[in-house]
Amino acid sequence: VSLTDPDSRSMATSGRGSGVVGYNVQVAVDTKHHLIVVHDVINVGNDRAQLARMAKQARAALQAEELAAVADRGYFSSPEILECAEAGITVTLPKPLTSGAKSQGRFGKQDFVYVPERDVYRCPAGEHLAYRFTAEEHGKMIRRYWTTACPKCPLQSRCTTGPERRIPRWEHEHLLEAVQERLDASLEAMRLRRETVEHPFGTMKARMGATHFLTKTLPKVAAEMALSVLAYNLTRVMNIVGVKPLIAAIGA
């Protein structure tokens, strides 16, 4: 299945003083028939806490033992990816490009290669950053790595503004690395996500007028969205199997 949210017309925003009231619609769409498997309406302005919840609901709706979910970078969250892994759900999504060092022209964390058999990071200069200590940060156990060779390194100015470059590693970092490996191995994954999940939204927005919901308050908007999803799925099934088989299946 593919997960996504709609565009900004129905997105809630939490910016201070923005005064914008809106709704965030979540959907999971199966890649074979492009049917909306599950959907939800929330009033949170981002998707970072929605990945595991929507993926679990999609798996339950499909009655599947395993599930492969593809989402956009807005869903990237380390705890959510961990929760999916613990539930047996394989996720593929890109990591947001938020490296401050990279934006300032210095090496980013992605330029440091982790060597698992030695539990060290190899830096762009070829030095090995050894493990130093572990500390809890924002509820996550983070391991810290660095080397004492930084002050004499000719690449130091391109790497850090401090005496040495320190690399953090989450205790479950291997899960994030596996997500990136799946993304690298499947270059078509994000194209498939767009083709799968954007089409239902385009169809429903065209039917709804592509401007705004007709109702107000979360329960009423949820009901309006449920009717739109039902209409979309019925139309989709009629296109796949035909009207008569659909009527026969409903009456069975």
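Structure first, text after, so check above.
Residues numbered from 1 in each chain as written. Predicted model: local features only at pLDDT ≥ 70, side-chain atom pairs only at ≥ 80, totals over all residues. Heavy atoms only, no water.

1. A closer look at the overall build of the protein chain
In plain terms, the rule: Numbering of helices and strands starts at the N terminus; helices are DSSP runs of H or I of at least 4 residues and strands are runs of E of at least 2. Computation of the radius of gyration draws on C-alpha atoms alone. For the globule rule, the value is 2.2 Å times the number of residues to the power 0.38. Here the term buried applies to any residue with accessible area under 20% of the maximum for its type, exposed to any over 50%, and partly exposed to those in between, with areas from a 1.4 Å probe on protein chains only. Working rule for contacts: check all heavy atoms of both residues, and any pair within 4.5 Å makes them a contact. In this count, Lys and Arg are taken as positive residues and Asp and Glu as negative ones, while His and the chain termini are left out. Think of each charge as sitting on NZ of Lys, CZ of Arg, CG of Asp or CD of Glu.
Counting its secondary structure elements, the protein chain contains seven helices and ten strands. The C-alpha radius of gyration of the protein chain comes to 23 Å, more than 25% above the 18 Å expected for a compact globule of 252 residues. Referenced to the eigenvectors of the C-alpha coordinate spread, the extents of the protein chain come out at roughly 75 × 45 × 30 Å. In the protein chain, which comprises 252 residues, the proportion classed as buried is 39%. The contacts of the protein chain with a sequence gap of at least 6 include a subset with a gap of at least 24, amounting to 55%. Charge separation in the protein chain, taken as the distance between the mean sites of 33 positive and 27 negative side-chain charges, equals 4 Å.

2. Some points on helix α1 (residues 51-62)
Applied cut-off: Helix span is expected to be 1.5 Å times the residue number reduced by one.
Here α1 is twelve residues long and its end C-alpha atoms lie 17 Å apart, about the 16 Å a rise of 1.5 Å per residue gives. Gln63 occupies a position one or two residues after α1 and carries a positive phi of about 55°.

3. Quick notes on the packing of aromatic side chains
Our working definition: Two rings belonging to Phe, Tyr or Trp (six-membered ring only in the last case) form a pair when the distance between their centres is within 6.5 Å. Interplanar angles under 30 degrees mark stacking, angles over 60 mark edge-to-face geometry, and anything in between is tilted. A ring is considered to have a charge above it if a Lys NZ or an Arg CZ atom is located within 6 Å of its centre and within 35 degrees of its normal.
Counted according to the given criterion, the structure contains six aromatic pairs. Aromatic side chains Tyr114 and Tyr145 sit 6.3 Å apart centroid to centroid with 80° between the ring planes, which places their arrangement in the edge-to-face category. On the criterion of sequence distance, the pair formed by Tyr114 in strand β6 (residues 113-115) and Tyr145 in strand β9 (residues 140-146) is long-range, its members being 31 residues apart. Tyr145 carries the same exposure label as Tyr114, and that label is buried. Note on Phe133 and Trp146: the rings are 5.9 Å apart at their centroids and 70° apart in plane angle, and the pair reads as edge-to-face. Of this pair, Phe133 sits in strand β8 (residues 128-137) while Trp146 sits in strand β9, placing them 13 residues apart in sequence. Against the face of Trp170 rests Lys140, its NZ or CZ located 5.4 Å from the ring centre.

4. Structural notes on the packing of helix α6 (residues 218-241) against helix α7 (residues 243-251)
Condition: Axes, fitted as lines to C-alpha atoms, cover a helix only where it is in contact. Angles between the N-to-C directions of the axes lie from 0 to 180 degrees. Residues are grouped as follows: nonpolar covers Ala, Val, Leu, Ile, Met, Phe, Trp, Tyr, Cys and Pro; charged covers Asp, Glu, Lys and Arg; every other residue, Gly included, is treated as polar.
Orientation of α6 relative to α7, taken along the N-to-C sense of each, is 120°, at an axis distance of 7 Å. Contacts between α6 and α7 involve Leu234, Val237, Met238 and Val241 on the former and, on the latter, Val243, Pro245 and Leu246. For the contact of α6 with α7, the class distribution of residues is seven nonpolar, no polar and no charged.

5. Notes on the sheet that holds β6
In plain terms, the rule: In this analysis, strands are considered paired if DSSP registers two or more bridges between them.
Within the open sheet, the five strands sit side by side as β6-β7-β8-β9-β10. Their pairing is antiparallel. Either end of the sheet is taken by a strand with one partner, and the two such strands are β6 and β10 (167-170). Averaged over neighbouring strand pairs, the angle between their axes works out to 40° when direction is ignored. Where β6 and strand β7 (residues 120-122) come together, three bridges link them in antiparallel fashion. Counterpart to Val115 in the pairing with β7 is Val120. Contacting β6, β7 and β10, helix α4 (residues 173-185) crosses the sheet at an angle of about 95° to β10.

6. A few points about the pairing of strand β4 (residues 67-70)
Remember that side chains alternate between the two faces of the sheet whenever the strand is regular. We count it as follows: By the criterion used throughout, a crossover qualifies as right-handed when its path from the first strand across the helix to the second strand runs clockwise, the strands pointing away from the viewer.
Strand direction decides the pairing type here: β4 and strand β5 (residues 89-92), joined by four bridges, are parallel. Bridge pairing in β5 places Val70 opposite Thr92. In terms of handedness, the path from β4 via helix α2 (residues 78-86) over to β5 forms a crossover that is right-handed.

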